[in-house]
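In case you want the letters, here they are:
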Amino acid sequence: VVREIGRGGMGIVYEGTDEALERTVAIKVLKDLEFAQGGHSQEVNPSQRLIAEAQAIAALQHENILAIYSVVFASGNPVLIQQYVDGESLGSLLRRQGLLEIDQCVSISLQIARGLVAAHERGIVHRDLKPDNILLEGENKSVRIADFGLAKRQDSTTQTSGRFLIGTPLYMSPEQTQKISVDERSDLFSLVVLS
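Residues numbered from 1 in each chain as written. Predicted model: local features only at pLDDT ≥ 70, side-chain atom pairs only at ≥ 80, totals over all residues. Heavy atoms only, no water.

A. Examining the overall build of the protein chain more closely. Along the protein chain, the regular secondary structure elements total six helices and 10 strands. Within the span of the protein chain, comprising 195 residues, buried residues form 47% of the whole. Contacts in the protein chain between residues far apart in sequence, at least 24 positions, make up 55% of those at least 6 positions apart. Counting every atom, the protein chain has about 10,500 Å² of accessible surface; 50% of that belongs to carbon and sulfur. (Helix = DSSP H or I, 4+ residues; strand = E, 2+ residues; numbered from the N terminus. Buried < 20%, exposed > 50% of the residue type's maximum accessible area, 1.4 Å probe, protein only. Contact = heavy atoms within 4.5 Å. Areas by Shrake-Rupley, 256 points an atom, 1.4 Å probe, with all protein chains shown as cover.)

B. Representation of helix 6 (residues 184-194) in the model. For helix 6, the full list of buried residues reads S186, D187, S190, L191 and L194. Viewed along the axis of helix 6, the buried residues span an arc of 145°, placing them on a single side of the element. In helix 6, the exposed positions that point more than 90 degrees away from the buried face belong to R185 and V192. Tucked inside the fold, the buried residues of helix 6 contact helix 3 (90-97), helix 4 (102-121), strand 7 (124-125) and helix 5 (174-177). (Arc of directions from axis to C-beta.)

C. Summary view of the confidence of the model for the protein chain. Chain-level pLDDT for the protein chain is 85 on average; 87% of the residues reach the 70-or-more range. Residue range residues 33-43 is modelled with pLDDT below 50. Its contacts to residues more than four positions away, or to other chains, number 25 contacts. Between residues 157-161, whose pLDDT stays under 50, and residues either more than four places distant or in other chains, the model counts 13 contacts. (pLDDT = per-residue confidence, 0-100.)

D. Structural detail: the pattern of salt bridges. The final tally for this structure, using the stated rule, is 10 salt bridges. The salt bridge partner of E4 is R7, with a shortest N-O separation of 2.8 Å. A relative accessible area of 38% means that E4 is categorised as partly exposed. For D183, the salt bridge goes to R185, with nearest N and O atoms at 2.7 Å. If you follow the salt bridges from partner to partner, you end up with E88, R96 and K141 in one network. (Salt bridge = Lys/Arg side-chain N within 4 Å of Asp/Glu carboxyl O.)

E. A look at the side chain of S186. Mapped onto the elements of the fold, S186 is located in helix 6. Judged by relative accessible area, which is 1%, S186 ranks as buried. Among the polar contacts listed, one links the side chain of S186 to the side chain of Q176, at a separation of 3.0 Å. (Polar contact = N/O pair within 3.5 Å; in protein donor to acceptor, adjacent residues only side chain to side chain.)

F. Molecular detail of unusual backbone geometry. Positive phi is not limited to glycine here, since E22 has a value of about 55°. Relative to the assigned elements, E22 resides in the loop between strand 2 (11-18) and strand 3 (23-30). In this structure, S75 is a non-glycine residue whose phi angle is positive, near 50°. As for its position among the elements, S75 is in the loop between strand 4 (68-74) and strand 5 (77-83). You can call S75 exposed: its relative accessible area is 77%.

G. Structural detail: the nonpolar core. Counting 29 residues, the largest nonpolar core has L90, I112, I124, L129, I134, I145 and F148 as its most contacted members. Counting residues per element, the ones that place at least two in this core are helix 2 (46-58), helix 3, helix 4, strand 8 (134-137), strand 9 (142-145) and helix 6. With five residues, helix 4 is the largest single contributor of residues to this core. Membership of the second largest hydrophobic core comes to six residues, among which are I12, V25, I27 and V29. (Core = buried A, V, L, I, M, F, W, Y, C linked by side-chain atoms within 4.5 Å.)

H. Representation of the sheet that holds strand 8 in the model. The strand order 6-8-9 describes an open sheet built from three strands, whose pairing is antiparallel. Whereas interior strands pair on both sides, the edge strands pair on one side only; in this sheet they are strand 6 (87-89) and strand 9. When strand polarity is set aside, the average angle formed by the axes of neighbouring strands in this sheet is 25°. Here helix 3 sits on the sheet and contacts strand 6 and strand 8; the angle it forms with strand 6, its principal contact strand, is near 85°. Each of strand 8 and strand 9 is contacted by helix 4, which is oriented at about 40° to strand 9, the strand it contacts most. (Pairing = 2+ DSSP bridges. Axes fitted to C-alpha atoms, helices over the stretch in contact; angles between N-to-C directions.)

This is the structure in structure tokens:
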């Protein structure tokens with residue numbers, strides 16, 4: 001582990017080095033192991049969510065989706081080893097720069113849309129599309145959709161407890177706020193909001 005590079009509701013992401021392959025990686029771990037043991041909903045606890053995230057990403061091999069390399073276990077808890085993006089999030093860019101030029105906005109939005117098409121073709125709905133989950137690599141701002149921690153497989157029978165909102169309120173679709181079943185249209189709503 002080299003340094004912390006980000007944190008979200010359930011996880012912390014570190015920059016690290018894969019010593020065997022001599023490459024930089026991103027390492028995602030659960031933020032609070034006590035929270036992980038207690039669970040986030042009636043059916044799915046954070047450890048299970050992290051594994052489900054790994055499985056969802058592994059099913060998606062696309063240039064606009066952050067790649068996963070492996071899942072390892074430390075003290076019985078899953079740790080995701082992912083592609084490291086040398087850049088910043090769209091959220092960080094917007095906070096630093098403000099409004100984007102129209103060409104840049106269109107380019108980023110199209111790349112997000114391509115990544116979503118790949119996910120939706122595999123029956124995976126992201127459910128938490130927001131600027132901080134869009135990583136921009138290099139000067140040309142190549143997009144990588146990240147954080148599939150709340151992703152839902154359309155063929156999954158696991159349901160999240162109705163007591164919890166799934167997603168980020170500012171970007172979630174009306175269906176998410178009503179806690180009803182969502183499909184790929186929910187991600188498209190979030191894409192339009194963040195665009």
